[in-house]
Amino acid sequence: MSINYSLLFYLKKPKNYVSGPKPIYMRITVDGIPKEVSTGRECDPSKWNSEANRARGTKTKANIEAGTGTKINVTVEKREEVTKTYKTN
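My aim in this report is to walk through the structure given alongside it, one point at a time. (Residues numbered from 1 in each chain as written. Predicted model: local features only at pLDDT ≥ 70, side-chain atom pairs only at ≥ 80, totals over all residues. Heavy atoms only, no water.)

A short note on the overall build of the protein chain
Right, so step 1: Of the regular secondary structure elements, the protein chain holds 2 helices and 5 strands.
Right, so step 2: Beginning at the N terminus, the succession of helices and strands in the protein chain can be written as β-β-β-β-β-α-α.
Right, so step 3: Counting contacts in the protein chain only where the partners sit at least 6 residues apart, residues at least 24 apart contribute 36% of the total.
Right, so step 4: When the accessible surface of the protein chain is split by element, carbon and sulfur atoms take 51% of a total near 6,200 Å². (Helix = DSSP H or I, 4+ residues; strand = E, 2+ residues; numbered from the N terminus. Contact = heavy atoms within 4.5 Å. Areas by Shrake-Rupley, 256 points an atom, 1.4 Å probe, with all protein chains shown as cover.)

Take a look at the structure:
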């Protein structure tokens, strides 16, 4: 039996948003059923690459300068690894 899934990271605009970092959400869709989960991280929208679903820049620079000083791309990559492991098992 085959299970289809997709994984997407995106910035979600909070209500009453004016400016500043936005929370990063992960949407996982399994067999057409979507679920959204907050990653607990934030990123400035000007430093987010929506096509690549991660912070802009080189790995080191993006991790340090993503708007909050947290390792955003490392977090995204770890969550991607978990889903790849799930898919292969």
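From this point, the narrative continues.
Brief notes about the environment of Pro-21
Right, so step 1: With respect to the secondary-structure elements, Pro-21 resides in the loop between strand S1 (5-11) and strand S2 (22-30).
Right, so step 2: Taking the C-alpha atoms as reference points, Pro-21 and Glu-42, 21 residues apart in sequence, are found 5.7 Å from one another.

Some thoughts on the nonpolar core
Soluble globular proteins tend to pack their nonpolar side chains together in the buried interior.
Right, so step 1: If you look at the biggest cluster of nonpolar residues, it comprises 7 residues: Phe-9, Leu-11, Ile-24, Met-26, Cys-43, Trp-48 and Ala-55.
Right, so step 2: Every element with two or more residues in this core is listed here: S1 and S2. (Core = buried A, V, L, I, M, F, W, Y, C linked by side-chain atoms within 4.5 Å. Buried < 20%, exposed > 50% of the residue type's maximum accessible area, 1.4 Å probe, protein only.)

Considerations on the packing of aromatic side chains
Right, so step 1: Overall, the coordinates contain 1 aromatic pair when judged by the stated rule.
Right, so step 2: Across from the ring centre of Tyr-25, 4.7 Å away, lies the NZ or CZ of Lys-12, which sits over that ring.
Right, so step 3: Just above the ring of Tyr-17 sits the side chain of Lys-22; from NZ or CZ to the centre is 4.9 Å. (Phe/Tyr/Trp six-rings, centres within 6.5 Å; stacked < 30°, edge-to-face > 60°. Lys NZ or Arg CZ within 6 Å of the ring centre and 35° of its normal.)

Regarding the side chain of Lys-22
Right, so step 1: Secondary-structure assignment places Lys-22 in strand S2.
Right, so step 2: Asp-44 is the oppositely charged side chain nearest to the buried, salt-bridge-free Lys-22, at an N-O distance of 9.2 Å.
Right, so step 3: Beyond its immediate sequence surroundings of up to four residues, Lys-22 is in contact with Leu-11, Lys-12, Lys-13, Tyr-17, Arg-41, Glu-42, Cys-43 and Pro-45. (Lys, Arg positive; Asp, Glu negative; His and termini not counted. Salt bridge = Lys/Arg side-chain N within 4 Å of Asp/Glu carboxyl O.)

Topic: the pattern of salt bridges
Any two side chains of opposite charge can pair if their charged atoms end up close together.
Right, so step 1: Considering all chains together, one arrives at 2 salt bridges under this definition.
Right, so step 2: With a closest N to O distance of 3.2 Å, Glu-36 and Arg-27 form a salt bridge.
Right, so step 3: Residue Arg-27 is classed as partly exposed on the basis of its relative accessible area of 27%.
Right, so step 4: Members of the salt-bridge network, linked through shared partners, are Lys-12, Arg-27 and Glu-36.

A word on the environment of Tyr-10
Right, so step 1: Relative to the helices and strands, Tyr-10 resides in strand S1.
Right, so step 2: Overall, the relative accessible area of 15% leaves Tyr-10 in the buried class.
Right, so step 3: Residues Tyr-10 and Asn-53, spaced 43 residues apart in sequence, show a C-alpha to C-alpha distance of 6.2 Å.
Right, so step 4: When sequence neighbours within four positions are dropped, the list of residues in contact with Tyr-10 reads Pro-23, Ile-24, Tyr-25, Arg-27, Glu-36 and Trp-48.

Comments concerning the sheet that holds S2
Right, so step 1: In spatial order, the strands read S1-S2-S3; together these 3 strands make up an open sheet with antiparallel pairing. The outermost strands of the open sheet, each flanked by one partner alone, are S1 and strand S3 (33-43). Strand-to-strand twist of the sheet, defined as the mean angle between neighbouring strand axes without regard to direction, takes the value 20°.
Right, so step 2: Note: S2 against S3, 8 bridges, orientation antiparallel. The partner of Ile-28 across the bridge, within S3, is Lys-35. (Pairing = 2+ DSSP bridges. Axes fitted to C-alpha atoms, helices over the stretch in contact; angles between N-to-C directions.)

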